[in-house]
Amino acid sequence: MGMAGRILDSEASVEYRRGELLISTDRERLSLDVVHGFLTNCYWARGIPREVVARSIENALCFGIYEGQSQIGFARVISDFATIAYVGDVFVLETHRGRGLGKWLIQCITEHPALQNLRRWILTTRDAHGLYSQFGFTPVKAPERFMERHQPNVYDTP
C-alpha cells in the first residue's frame, strides 16, 4: 500500500457499537463544548483555551463515546501511524463512570486499524495505571532515556 493509502486509512471514520453506545472517530460528531468543558476543569489541562482544544482535535485521531446523541467521553491519539502513538485527554464524564466505558475506549483505541504494529505507545496518567496496564502499558523501563519539556502552567493567564 502506498503512503497516500495509509494516510487515508487513518482519516476514515471507524465506529464501535455496544447497544445504544457508540465510539466513533468521526470528528464531525464531537462536541467541542463537552471536550473543552471537561478539559478546562481537569487536573492536566486546567484553564486550557477553547481554541487550543479545537486545534488539538484537528491534529489528532479522536475517539468520542456517545450515548444516543450525547457525547459522554473522549480520547485522542497523536501518531505518525507507523512507529509511535501518544494517547491523551482520555475521559468519561463523571455521571457515566463505573460502566466499563474507559476500558472499552482504550480497547477500541489499541485495536484501531491505523494504529497496529507500532513500536511504541506512550501516555501519562496520575491515577489510571490499573486501566492502562490491562492493555500492556507499563511504567517506563528506562526513565533515564526519556526527556520532557513540561510547562504545567502554560494556560495560566499572565
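Each remark here, short or long, concerns the structure printed above.
Residues numbered from 1 in each chain as written. Predicted model: local features only at pLDDT ≥ 70, side-chain atom pairs only at ≥ 80, totals over all residues. Heavy atoms only, no water.

A. Examining the environment of Leu 123 more closely. Within the secondary structure, Leu 123 is located in the loop between strand S6 (120–122) and helix H5 (129–133). In the structure, Leu 123 is positioned 33 residues away from Val 90 in sequence and 9.9 Å away in space, judged by C-alpha atoms. Discounting residues that sit within four places of it in the chain, Leu 123 has contacts with Tyr 86, Val 87, Tyr 132 and Phe 137. (Helix = DSSP H or I, 4+ residues; strand = E, 2+ residues; numbered from the N terminus. Contact = heavy atoms within 4.5 Å.)

B. Here's a closer look at the sheet that holds strand S1 (residues 15–18). Spatially, S1-S2-S3-S4-S5-S6 is the arrangement adopted by the six strands of the open sheet, whose pairing is mixed. Looking along the sheet, the strands with just one partner apiece sit at the ends: S1 and S6. Taken pair by pair, the neighbouring strands of this sheet meet at an average axis angle of 20°, ignoring direction. Both strand S3 (residues 61–67) and strand S4 (residues 70–79) contribute to a ladder of seven bridges, which runs antiparallel. Across the sheet, Leu 61 pairs through a bridge with Val 77, a residue of S4. Sitting on the sheet, helix H2 (residues 32–39) touches S4 and strand S5 (84–92), and the angle it makes with S5 is about 90°. (Pairing = 2+ DSSP bridges. Axes fitted to C-alpha atoms, helices over the stretch in contact; angles between N-to-C directions.)

C. The pairing of S4, seen in detail. Burial analysis of S4 places seven of its 10 residues in the buried class, the great majority of the element. Between S3 and S4, which pair antiparallel one after the other, the connecting turn spans two residues, and Gly 68 there sits at a positive phi close to 65°. Of the pairings in the sheet, the one linking S4 to S5 comprises six bridges and is antiparallel in character. Within S5, the position partnered with Val 77 by the bridge is Val 87. What sits between S4 and S5 in their antiparallel hairpin is a turn of four residues, with Phe 81 showing a positive phi close to 60°. (Buried < 20%, exposed > 50% of the residue type's maximum accessible area, 1.4 Å probe, protein only.)

D. Region of interest: the pattern of salt bridges. Applying the stated criterion across every chain yields a total of four salt bridges. With a closest N to O distance of 3.5 Å, Glu 15 and Arg 17 form a salt bridge. Note that Asp 33 and Arg 50 form a salt bridge whose closest N and O atoms lie 2.8 Å from each other. Here Arg 50 lies in helix H3 (residues 50–58) and Asp 33 lies in helix H2, a separation of 17 residues in the sequence. Relative accessible area serves as the criterion here: at 53%, Asp 33 is assigned to the exposed category. Among the residues examined, Arg 50 registers a relative accessible area of 37% and is labelled partly exposed. (Salt bridge = Lys/Arg side-chain N within 4 Å of Asp/Glu carboxyl O.)

E. Inspection of the pairing of S5 at higher detail. Buried residues dominate S5, accounting for seven of its nine residues. The pairing of S5 with S6 spans three bridges and is classified as parallel. Paired with Ile 84 across the strands is Arg 120, a residue of S6. For the segment spanning S5, helix H4 (residues 101–111) and S6, crossover handedness is right-handed. (Right-handed = clockwise from strand over helix to strand, strands pointing away.)

F. Structural detail: the packing of aromatic side chains. Evaluated as defined, the whole model comprises six aromatic pairs. Ring geometry for Phe 38 and Phe 91: centres 4.0 Å apart, planes at 10°, overall stacked. In this pair, Phe 38 sits in helix H2 while Phe 91 sits in strand S5, placing the two residues 53 residues apart along the sequence. Comparing Phe 38 with Phe 91, the two get one shared label, buried. Consider the rings of Tyr 132 and Phe 137, whose centres lie 5.9 Å apart with planes at 70°: the pair is edge-to-face. For Tyr 132, a relative accessible area of 8% puts it in the buried group. For Phe 137, a relative accessible area of 15% corresponds to the buried category. Each residue in the set Phe 38, Tyr 43, Trp 44, Phe 74 and Phe 91 is aromatic and connected to the rest through ring pairs, giving one cluster. (Phe/Tyr/Trp six-rings, centres within 6.5 Å; stacked < 30°, edge-to-face > 60°.)

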